[in-house]
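Take a look at the letters that make up each chain.
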Amino acid sequence: MQNKLWDVAIIGGGPAGYSAALYCVRAGYSTLVIEMLSAGGQMATTSAIENYPGFVESVDGFELAMTMQKQAEKFGSETLYAQVTSVSLADFIKTLETTEGPVQAKTVILATGADPRPLGLPEENALRGRGVGYCATCDGGFYRGKTVAVVGGGNSAAEDALTLSKLCKQVYLIHRRDHLSATRSYLAPLEKADNITFVWNKEVTELLHEEKLNGLTLTDTITKEQSHLDVDGLFVAIGRLPNTWLVKDQLALDPQGYIIADETTRTSLPGVFAIGDVRQKPLRQVVTAVADGATASKFVEEYLNLAE
Ligand code: NAP
């Protein structure tokens, strides 16, 4: 694997990465996916995906990831299990240093994803999937008819609160300021929804639980007074952390750290593409990640046709 010049090296084996692999290998390009642990990325941690088309019953994220990997490998895509430690992307032949040795490729597709920014509270990670969630579009369905809270004040929090208000009995929108920074278009629908209550100037400082989350301790940012809120679920929407440390000095990033790449998935360097959650985009979902993977193959092909 390491003694070969690959047409395409894909960093990250999530849905975007393996979709790109499927399309590239079927287009006749030698294709290597470099994955640190196992296929799936963030998707693999979701036990029930209800909004990926084609599955009437929900599909397990890990199972879907394995199927995507098998499908790409059926056509000849290969996987190297290694961590990429540094990249050199400027020349026609690009070099990726990995824990299993260097990899060289004519094109590189970055599919390294983004992780939700956590609140950083004790037991937050343990309660993930047991009351604490980071994606209302993905997991909101589990809270139908229940009481939930969303924490955050930006567009994600506003959008999550609106999504959840259509499913849940009551939604508390908790923000540490006295106004949202979300765009104006969200404000009227939020105020109109009769099951959304704004909770201003409060921080979530404790996650209360038995087996699952059952309440929150809130601390007032001005008076420091503490209060309790009973909830069945908490959605954390305080921004995301794109996994761009490998390329931050080589590619153009937006102010939030996402790789700037439009619908063509082309980045600021020729022969380098960005797909899935790591790319600047309006909706980060499995379905938009796999679409990016397919699109990248078209522009890999265009690039290699012109370059060779
Ligand atoms: P964001 O705009 O960075 O907002 C993060 C929010 O979380 C802020 O209100 C921030 O409050 C709060 N926050 C940060 N850390 C916190 C903490 N530790 N505890 C409590 N609150 C905390 O993030 P985002 O809403 O995820 O949006 C990210 C980007 O995606 C934005 O560019 C947004 O426009 C875009 N987006 C677009 C759409 C759309 O166009 N449909 C939808 C969703 C997201 P402070 O202000 O106090 O820091």
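Because the structure is predicted, anything quoted here is derived from the model rather than measured.

Some thoughts on the nonpolar core
1) Next: I10, M68 and I109 are the most contacted members of the largest nonpolar core, which has 31 residues in total.
2) Next: Those elements that place two or more of their residues in this core are β1 (5-11), α1 (15-26), α2 (61-74) and α6 (286-307).
3) Next: With sequence-adjacent residues up to four places away left out, I10 is seen in contact with G17, A20, A21, T31, L32, V33, I34, I109 and A111.
4) Next: Core analysis: the second largest hydrophobic core is formed by 24 residues, W6, I11, L96 and L251 among them.

Section: the site of the ligand
1) Next: Among the 14 residues in the neighbourhood of the ligand, the closest are listed as N155, S156, E159, R176 and R177.
2) Next: S156 is positioned such that a nitrogen or oxygen atom in its side chain is 2.6 Å from an oxygen atom of the ligand.
3) Next: Protein contact buries 67% of the 920 Å² of open area that the ligand shows by itself.
4) Next: If one sorts the elements of the shell around the ligand by residue count, helix α4 (residues 155-165) sits on top with 3 residues.

A short note on the pattern of salt bridges
1) Next: The tally for this structure, following the rule as stated, stands at 8 salt bridges.
2) Next: Note that K202 is salt-bridged to D220, the shortest N-O span being 2.8 Å. Within this pair, whereas K202 is found in strand β12 (residues 202-209), its partner D220 is found in strand β13 (residues 213-220), the two being separated by 18 residues in sequence.
3) Next: Given a relative accessible area of 17%, K202 falls into the buried group.
4) Next: Classification of D220 as buried rests on a relative accessible area of 12%.
5) Next: One salt bridge connects D292 with R279, and the closest N-O pair in it is separated by 3.0 Å. Residue D292 is located in helix α6, and its partner R279 is located in the loop between β17 (272-274) and α6; the two are separated by 13 residues in the primary sequence. There is no split in this pair, since D292 and R279 are both buried.

Describing a nonpolar patch on the surface
1) Next: A cluster of nonpolar side chains, L5, F92 and I93, forms an exposed patch at the surface whose accessible area comes to about 230 Å².
2) Next: Relative to the helices and strands, F92 is located in the loop between β4 (84-88) and β5 (94-98).
3) Next: The class of F92 is partly exposed, set by a relative accessible area of 34%.

Quick look at α2
1) Next: Between its terminal C-alpha atoms α2 stretches 20 Å, which fits the 20 Å expected from 14 residues at 1.5 Å a residue.
2) Next: Residues G61, L64, A65, M68, Q69 and A72 constitute the buried set of α2. All buried residues of α2 fall inside an arc of 135° around its axis, so they share one side. In this structure, α2 carries E63, K70 and K74 as exposed residues pointing more than 90 degrees from its buried face.
3) Next: Looking at the buried residues of α2, the elements they touch are α1, β3 (78-81) and α6.
4) Next: Structurally, the start of α2 carries an N-cap: the backbone nitrogen of F62 is 3.0 Å from a side-chain oxygen of D60.
5) Next: Trailing α2 by a residue or two, G76 shows a phi angle of about 115°, which is positive.

Describing the packing of aromatic side chains
1) Next: With the rule as written, the count across this model stands at 4 aromatic pairs.
2) Next: Here F198 and W200 contribute two aromatic rings whose centre-to-centre distance is 5.0 Å and whose plane-to-plane angle is 5°, an arrangement assigned as stacked.
3) Next: The class for F198 is partly exposed, based on a relative accessible area of 24%.
4) Next: The lysine or arginine in question, K4, covers the ring of W6, its NZ or CZ lying 4.0 Å from the ring centre.

So, the domain arrangement of the protein chain
1) Next: Annotation of the protein chain at the domain level lists domain 1 (5-115 + 240-307) and domain 2 (118-236).
2) Next: Contact residues are listed per partner, giving 7 residues for domain 1 and 8 residues for domain 2.
3) Next: Summing both sides of the interface, domain 1 and domain 2 together bury roughly 570 Å²; the carbon and sulfur share of this comes to 47%.
4) Next: Linking domain 1 to domain 2 there are 0 salt bridges.

Scoring rules and cut-offs
- Going along each chain's sequence as written, the residues are numbered from 1 onward.
- Totals for whole chains, interfaces and linings use all residues, but because this is a predicted model, local features are given only for residues with pLDDT of at least 70 and pairs of side-chain atoms are given and counted only at 80 or more.
- Side-chain calculation: all heavy atoms of the structure are included, whereas hydrogens and water are not.
- In this text, buried Ala, Val, Leu, Ile, Met, Phe, Trp, Tyr and Cys residues form a nonpolar core when linked through side-chain atoms within 4.5 Å.
- For every residue, the accessible area (1.4 Å probe, protein chains only) is compared with the maximum for its type, and the residue is labelled buried under 20%, exposed over 50%, or partly exposed between those bounds.
- Where helices and strands are cited, they refer to DSSP runs of H or I of at least four residues and of E of at least two residues respectively, numbered from the N terminus.
- Contact between two residues is taken to exist if any of their heavy atoms lie within 4.5 Å; hydrogens are not considered.
- Note on definitions. A residue lies near a molecule or strand when any single heavy atom of the residue is within 4 Å of it.
- Polar contacts, as counted here, are pairs of nitrogen or oxygen atoms within 3.5 Å of one another; within protein the pair requires one atom able to donate a hydrogen and one able to accept it, and residues that are adjacent in sequence qualify only if both atoms are side-chain atoms.
- Here the open area of atoms and residues is found with the Shrake-Rupley method and a 1.4 Å probe, where only the protein chains shown may cover a residue.
- Salt bridges, as used here, are contacts in which a Lys or Arg side-chain nitrogen is within 4 Å of a carboxyl oxygen on Asp or Glu.
- In this scheme, patches are assembled from residues that exceed 30% relative accessible area and form no salt bridge. Like charges are connected within 9 Å, while nonpolar side chains (Val, Leu, Ile, Met, Phe, Trp, Tyr) are connected within 5 Å.
- The span one expects for a helix is its residue count, reduced by one, times 1.5 Å.
- This arc is taken over the directions from the axis of the helix to the C-beta atoms.
- Two aromatic rings from Phe, Tyr or Trp, using only the six-membered ring of Trp, form a pair when their centres are within 6.5 Å; if the ring planes differ by under 30 degrees the pair is stacked, by over 60 it is edge-to-face, and anything between is tilted.
- Should the NZ of a Lys or the CZ of an Arg lie within 6 Å of a ring centre and within 35 degrees of the ring normal, that charge is described as sitting over the ring.
- What fixes the domain bounds is an automatic or database domain assignment.
- Here the buried area means the combined drop in accessible surface, using a 1.4 Å probe, for two parts upon being joined, counting both sides.

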